[in-house]
Amino acid sequence: KQWYQRRVRGGCLLRGVTTDKTVNARALAAETAFFSGADMRAALYNAQLARTKAGAKSGLSQKGLLDAIQNTKPSLSGEDLQGFETVYNNFLTGTVSNVGYKTTLR
């Protein structure tokens, strides 16, 4: 699973947000497979805004969050995110991939 999905399941993005008992972080993570952290924040913001406009006094619901997720377009394609994840995992493990050229810092 991707690191940004783990943040949803771990509750990082929902920390400090009032939710009702219907919210299932695992289901939300499954729906955000190609979302970056910023994309998920935007969806959360949109869900909160919709709840406020509707005059709701209770916490965010699963349906409200899923509606916001479906109305939020991921900023990167799945291919782009897979590439970033490969680079990130290589960084964590110290693996160096052969990219065919050298980069120097001055």
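For the structure itself, look to the data block above.
Residues numbered from 1 in each chain as written. Predicted model: local features only at pLDDT ≥ 70, side-chain atom pairs only at ≥ 80, totals over all residues. Heavy atoms only, no water.

1. Observations concerning the environment of Leu81
Turning to step 1, where the next piece is worked out: Tracing the backbone shows Leu81 in helix α5 (residues 78–93).
Turning to step 2, where the next piece is worked out: Here the alpha-carbon distance between Leu81 and Ser36, two residues 45 residues apart in the chain, equals 8.0 Å. (Helix = DSSP H or I, 4+ residues; strand = E, 2+ residues; numbered from the N terminus.)

2. Remarks on empty space enclosed by the protein
Gaps left between atoms are located by rolling a probe of water-molecule size over the structure's atoms.
Turning to step 1, where the next piece is worked out: A complete count under the given rule lists one cavity of 30 Å³ or more for this structure.
Turning to step 2, where the next piece is worked out: Around the largest cavity, the lining is made up of ten residues, and of these Leu14, Leu28, Met40, Leu65 and Ile69 lie nearest the centre.
Turning to step 3, where the next piece is worked out: Breaking the lining of the largest cavity down by element, the ones donating at least two residues are α3 (37–53) and α4 (62–70).
Turning to step 4, where the next piece is worked out: Ranked by residues supplied to the lining of the largest cavity, first place goes to α3 with three residues.
Turning to step 5, where the next piece is worked out: Considering only residue class, the lining of the largest cavity consists of nine nonpolar, one polar and no charged. (1 Å grid on protein atoms, 1.4 Å probe; cavity = no way out; pocket = protein on both sides within 12 Å on 5 of 7 lines; lining within 4 Å. Points joined across faces, edges and corners; volume = space filled by probe spheres on them. Nonpolar A, V, L, I, M, F, W, Y, C, P; charged D, E, K, R; others polar.)

3. Observations concerning the packing of α3 against α4
Turning to step 1, where the next piece is worked out: One way to put it is that α3 packs onto α4 with a least axis distance of 8 Å and a crossing angle of 125 degrees. It follows that α3 is oblique to α4 by the angle criterion. The handedness of the crossing between α3 and α4 comes out as right-handed. Note on element contacts: α4 touches α3 through Gly64, Leu65, Ala68 and Ile69, opposite Ala43, Leu44, Asn46 and Ala47.
Turning to step 2, where the next piece is worked out: Split by residue class, the contact of α3 with α4 holds six nonpolar, two polar and no charged. (Axes fitted to C-alpha atoms, helices over the stretch in contact; angles between N-to-C directions. Parallel < 35°, antiparallel > 145°, perpendicular 65-115°, else oblique. Left-handed = near helix turned anticlockwise from the far one by under 90°. Contact = heavy atoms within 4.5 Å.)

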